[in-house]
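# Architecture and fold: a report
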Amino acid sequence: KSYVGANYNKYMKSNFSAFAMIFGSLAFFCRGLYLMGLILFAFQVIVLFIFRDIPYIILAILVILAFIMAMIINPLYFSKVKAKVKSVRKKHPKVSQGELNNLCAKLGKNNMALALLVQIALVGITVFGAIKILGTDYFVGIYEKARDKVLKVNKEEVKFDGNIKY
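Criteria and thresholds
Residues numbered from 1 in each chain as written. Predicted model: local features only at pLDDT ≥ 70, side-chain atom pairs only at ≥ 80, totals over all residues. Heavy atoms only, no water. Helix = DSSP H or I, 4+ residues; strand = E, 2+ residues; numbered from the N terminus. Buried < 20%, exposed > 50% of the residue type's maximum accessible area, 1.4 Å probe, protein only. Contact = heavy atoms within 4.5 Å. Areas by Shrake-Rupley, 256 points an atom, 1.4 Å probe, with all protein chains shown as cover. Axes fitted to C-alpha atoms, helices over the stretch in contact; angles between N-to-C directions. Parallel < 35°, antiparallel > 145°, perpendicular 65-115°, else oblique. Nonpolar A, V, L, I, M, F, W, Y, C, P; charged D, E, K, R; others polar. Core = buried A, V, L, I, M, F, W, Y, C linked by side-chain atoms within 4.5 Å. Left-handed = near helix turned anticlockwise from the far one by under 90°. Phe/Tyr/Trp six-rings, centres within 6.5 Å; stacked < 30°, edge-to-face > 60°. Lys NZ or Arg CZ within 6 Å of the ring centre and 35° of its normal.

What follows concerns the overall build of the protein chain. Regarding its fold elements, the protein chain presents 8 helices and 0 strands. By the burial criterion, 25% of the 166 residues in the protein chain qualify as buried. Within the protein chain, residue pairs in contact and separated by at least 24 positions form 68% of the contacts whose partners lie at least 6 positions apart. As presented, the protein chain carries roughly 12,100 Å² of accessible surface, and 66% of it is formed by carbon and sulfur atoms.

Moving on to the packing of helix α4 (residues 34–50) against helix α5 (residues 55–91). Where α4 contacts α5, the two axes come as close as 11 Å, and the packing angle between them is 175°. With respect to α5, the element α4 is oriented roughly antiparallel. Contact with α4, carried on its side by Met-36, Leu-40, Phe-43, Gln-44, Val-47 and Leu-48, involves Ile-58, Ile-61, Leu-62, Leu-65, Met-69, Ile-72 and Leu-76 of α5 and no other residues of that element. Classifying every residue of the contact of α4 with α5 by side-chain character gives 12 nonpolar, 1 polar and no charged.

Right, let's get into the nonpolar core. Within the largest apolar cluster, 12 residues are counted, these being Ala-20, Ala-27, Phe-28, Leu-33, Leu-40, Leu-65, Met-69, Ile-73, Tyr-77, Phe-78, Val-81 and Val-85. With 7 residues, the top contributor of residues to this core is α5. Look past the residues within four positions of Leu-40 in its chain and what remains in contact with it is Phe-28, Leu-65 and Met-69. Membership of the second largest hydrophobic core comes to 7 residues, among which are Phe-29, Phe-41, Ala-115 and Leu-122.

At a closest axis distance of 12 Å, the pairing of α4 and helix α7 (residues 112–134) adopts a crossing angle of 25°. The angle between α4 and α7 places the two elements in the roughly parallel class. Where α4 crosses over α7, the handedness of that crossing is right-handed. Mapping the contact onto sequence places Tyr-34, Leu-38, Phe-41, Val-45 and Phe-49 in α4 and Leu-114, Gln-119, Leu-122, Val-123, Thr-126, Ala-130 and Leu-134 in α7. Of the residues in the contact of α4 with α7, the class split is 10 nonpolar, 2 polar and no charged.

In this section: the side chain of Ser-25. Within the secondary structure, Ser-25 sits in helix α3 (residues 25–30). For Ser-25, a relative accessible area of 1% corresponds to the buried category. Once residues within four sequence positions are removed from consideration, Ser-25 is found in contact with Gly-37, Phe-41, Gln-44, Met-69 and Gln-119.

Right, let's talk about the packing of aromatic side chains for a bit. Each aromatic ring pair is specified by the distance between its two centres and by the angle formed by the two planes. Overall, the coordinates contain 4 aromatic pairs when judged by the stated rule. Between Phe-19 and Phe-23, the aromatic rings sit 5.1 Å apart at their centres with planes inclined by 45°, giving tilted as the arrangement. Here Phe-19 pairs with Phe-23, and both are found in helix α2 (residues 18–23), just 4 residues apart, close to one helical turn. On the accessibility criterion, Phe-19 (33% relative accessible area) is partly exposed. The exposure class assigned to Phe-23 is partly exposed, which follows from its relative accessible area of 44%. Seen in terms of ring centroids, Tyr-77 and Phe-78 are 5.7 Å apart; in terms of plane orientation they differ by 65°. Their pairing is edge-to-face. Judged by relative accessible area, Phe-78 falls into the buried class, the value being 9%. The ring centre of Tyr-77 lies 5.2 Å from the NZ or CZ of Arg-31, which sits over that ring.

Put into structure tokens, the structure is as follows:
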């Protein structure tokens, strides 16, 4: 309980994490599950690149992945917690339960700032990589298609004669 903190009962009772479903790999980084967060983030990026022209497939895969992440994060987190607590007990066999609780509480604090920095760095690397791989013309084309759909303007029909009428 000391390692997890105030949300221990909430995590133990639930096999589903809305936080993981909404925020994806960031939730794994927040809980210190860095390798799994990195794997899931990489998988999401790969899906986006492979199916970039089929948005419904991307949406379906990412929704399914979000449900999977929401279902697996708590069991993975608690297996990590058990291993860490076992490690603390092994390193400090002669400490009292109160001291053990204090050690676990110090070790168990999740570093939200680090998790957010890792996520921002990964997104930055992904965007930079996408621009390098796909080229800027790809993104300019996407922008122009979206702009034309929103404006619903045929470029040949729009003419400005220099007069503004009220």
